[in-house]
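Take a look at the letters that make up each chain.
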Amino acid sequence: EHFISFKDVRKTYKMGEVEIHALNGVSFDIDQGEFVIIAGASGAGKSTILNLLGGMDTVSAGTIEVDGSVISDFNEKQMTLYRRYDVGFVFQFYNLVQNLTLKENVELATQISKNPLDIDKTIAAVGLSERISNFPAQLSGGEQQRVAIARALAKNPKLLLCDEPTGALDYVTGKQVLKVLQDTCRKEHKTVIVITHNLALTPMGDKVIKVRSGQIESVEINPHPMDVD
Ligand code: ADP
Ligand code: ADP
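Parameters and conventions
- Here, residues in each chain are numbered from 1, in the same order as that chain's written sequence.
- Chain labels run from A onward and ligand labels from 1 onward, assigned in the order the entries are written.
- Per-residue local features are limited, in this predicted model, to residues with pLDDT of at least 70; the limit for side-chain atom pairs, both in listing and counting, is 80 or more; totals at the level of whole chains, interfaces and linings are taken over all residues.
- Only hydrogens and water are removed before side-chain values are computed, so all heavy atoms of the structure are retained for them.
- Only DSSP runs of H or I with at least four residues qualify as helices, and only runs of E with at least two residues qualify as strands; both kinds are numbered from the N terminus onward.
- Two things to know: the radius of gyration comes from C-alpha atoms, and the globule rule equals 2.2 Å times the number of residues to the power 0.38.
- Residue burial is assigned from relative accessible area. The probe radius is 1.4 Å, only protein chains are included, and a residue is buried under 20% of its type maximum, exposed over 50%, and partly exposed in between.
- Here a residue-residue contact requires only that any non-hydrogen atoms of the pair lie within 4.5 Å.
- Per-residue and other accessible areas were derived by the Shrake-Rupley procedure at a 1.4 Å probe size, with only the shown protein chains allowed to occlude residues.
- Counting rule applied: Lys, Arg positive; Asp, Glu negative; His and chain ends not counted.
- To locate a charge, the coordinates of NZ of Lys, CZ of Arg, CG of Asp or CD of Glu are taken.
- Between the rings of Phe, Tyr and Trp (Trp by its six-membered ring), a pair exists once the centres lie within 6.5 Å; its type follows the angle of the planes, with under 30 degrees stacked, over 60 edge-to-face, and the other angles tilted.
- We call a charge positioned above a ring when the Lys NZ or Arg CZ atom is no farther than 6 Å from the ring centre and deviates by at most 35 degrees from the ring normal.
- Scored from 0 to 100, pLDDT records how confident the predictor is in each individual residue.
- Expected helix span is taken as 1.5 Å per residue step, with the number of steps being one fewer than the number of residues.
- N or O atoms closer than or at 3.5 Å make up a polar contact, with two conditions inside protein: a donor-capable atom paired with an acceptor-capable one, and, for residues adjacent in sequence, both atoms drawn from side chains.
- The nearness test applies per residue and asks whether one of its heavy atoms lies within 4 Å of the molecule or strand.
- Each patch is assembled from residues with relative accessible area greater than 30% and no salt bridge, linking like charges that lie within 9 Å and nonpolar side chains (Val, Leu, Ile, Met, Phe, Trp, Tyr) that lie within 5 Å.
- Just to be clear on terms, a salt bridge is a Lys or Arg side-chain nitrogen sitting within 4 Å of an Asp or Glu carboxyl oxygen.

## Brief notes about the overall build of the chain
(1) Moving on: Helix and strand counts for the chain come out as six helices and 10 strands.
(2) Moving on: For 229 residues, the compact-globule estimate of 2.2 N^0.38 gives 17 Å, and the chain sits close to it at 17 Å.
(3) Moving on: Overall size of the chain, expressed as C-alpha extent along the three principal axes, is 50 × 45 × 40 Å.
(4) Moving on: For the chain, with 229 residues in total, the buried portion stands at 48%.
(5) Moving on: Taking the contacts inside the chain whose residues are at least 6 apart along the sequence as the reference set, 71% of them involve residues at least 24 apart.
(6) Moving on: Total accessible area on the chain is roughly 10900 Å²; 49% of this is exposed by carbon and sulfur atoms.
(7) Moving on: Side chains of the chain give 24 positive and 29 negative charges; the mean places of these two sets differ by 2 Å.

And the structure:
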């Protein structure tokens, strides 16, 4: 039994007469506590996979199982609860509340959690203890993304889904952010799934799922995930 299973998942978007086959039969497994990188060119289907996994969209066919539940069978109410309590999201653009401090941004997220992590410890885990009173505009891009990671983590979700979290950052800063996500995975025993189109970063993943034209191109397991230069 795997923590996450995609079984022959298909997703078709209908745009009037036109059908776009975003996913054409995608199957893969992810284990609890794995640091997973999903890579592939723009338009390959990466965000569609993450949106389905996060309960933000529904499958056209196939099944998705997470932690023993078939989430592809969930009704709207179950989906809402799943998104709220079980999944943490990190996006390319940090989506922080500009008129709240770093600490208040993280606090806000814990208010919708049944079992939040300690706010100060979570902020320390992303290396920003000295900046808790700063507003987002006072932080660099990489720092803002680390706040977004702390915010997603603080509600203590089962899995952390990150859609191009390094996409707006330069290579070195992006690498640091990915390292924070990898540390989070190791220390908090969270399953962390990260989308990137930057192939140079994939050696850091425990598992690398390559997607191409709505299909799985390859699934590689790294027995010794590496830091990259
Ligand atoms: P990636 O994240 O790898 O760039 P996406 O999952 O965003 O790829 O997109 C996969 C395909 O599905 C693309 O052809 C894209 O245009 C299409 N697509 C994604 N979302 C929608 C949508 N809401 N409506 C119509 N087509 C979509
Ligand atoms: P980047 O190179 O990512 O654009 P910045 O030049 O914006 O980074 O910021 C560099 C450093 O200065 C960061 O540590 C950031 O937190 C800090 N900083 C930037 N603006 C402010 C500010 N208004 N108040 C406090 N610290 C700031």
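## As for the packing of aromatic side chains
(1) Moving on: Under the counting rule described, the total for this entry stands at three aromatic pairs.
(2) Moving on: Plain terms: the ring middles of F74 and Y82 are 6.0 Å apart, the flat faces sit at 75° to each other, and that makes the pair edge-to-face.
(3) Moving on: On the basis of relative accessible area, F74 is assigned to the partly exposed category, the value being 22%.
(4) Moving on: You can call Y82 buried: its relative accessible area is 3%.
(5) Moving on: Ring geometry for F89 and F91: centres 6.1 Å apart, planes at 10°, overall stacked.
(6) Moving on: Judged by its relative accessible area of 17%, F89 falls in the buried class.
(7) Moving on: The exposure class of F91 is partly exposed, given its relative accessible area of 33%.
(8) Moving on: Here the guanidinium or amino end of K114 rests over the ring plane of Y85, the centre of that ring lying 4.3 Å away.

## Structural notes on the confidence of the model for the chain
(1) Moving on: For the chain, the mean per-residue pLDDT works out to 95, and 100% of the residues sit at or above 70.
(2) Moving on: With a pTM of 0.90, the predicted complex shows an ipTM of 0.74.

## Examining helix α6 (residues 171-188)
(1) Moving on: With 18 residues, α6 extends 25 Å between its outermost C-alpha atoms, agreeing within 8% with the 26 Å of an ideal straight helix rising 1.5 Å per residue.
(2) Moving on: Of all the positions in α6, only T173, G174, K175, V177, L178, V180, L181, Q182, T184 and C185 are classed as buried.
(3) Moving on: Its buried side turned inward, α6 meets β3 (35-39), α5 (141-154), β7 (159-163) and β8 (191-196).
(4) Moving on: Two to three positions downstream of the cap, the backbone nitrogen of V172 sits 3.2 Å from a side-chain oxygen, assigning the N-cap of α6 to D170.
(5) Moving on: Where α6 ends, the next residue or the one after it, H189, has phi of about 55°, a positive value.

## Some details on the side chain of T166
(1) Moving on: Topologically, T166 is positioned in the loop between β7 and α6.
(2) Moving on: Residue contacts for T166: discarding those within four places in its chain leaves G174, V177, L178, T196 and L201.

## Looking at the site of ligand 1
(1) Moving on: In the vicinity of ligand 1, the residues found are Y13, M15, I20, A22, A41, S42, G43, A44, G45, K46, S47 and T48.
(2) Moving on: Taking G45, its main chain carries an N or O atom lying 2.9 Å from an oxygen atom of ligand 1.
(3) Moving on: Within the contact set of ligand 1, an oxygen atom lies 2.6 Å away from a side-chain nitrogen or oxygen of T48.
(4) Moving on: Computed on the free molecule, ligand 1 has an accessible area of 560 Å², of which 63% lies beneath the protein chains in the complex.

## Brief notes about the side chain of T196
(1) Moving on: Tracing the backbone through its elements, the reader meets T196 in strand β8.
(2) Moving on: For T196, a relative accessible area of 2% gives the class buried.
(3) Moving on: Engagement of the side chain of T196 in a polar contact is seen with the backbone nitrogen of N198, the distance being 2.9 Å.
(4) Moving on: Apart from the residues within four sequence positions on either side, T196 is in contact with I37, I38, A39, G40, K46, E164, T166 and L201.

## Considerations on a nonpolar patch on the surface
(1) Moving on: A surface patch of nonpolar side chains, about 280 Å² in accessible area, is lined by M15, V18 and I20.
(2) Moving on: Position of V18 relative to the elements: it lies in strand β2 (residues 18-30).
(3) Moving on: The exposure class assigned to V18 is partly exposed, which follows from its relative accessible area of 48%.

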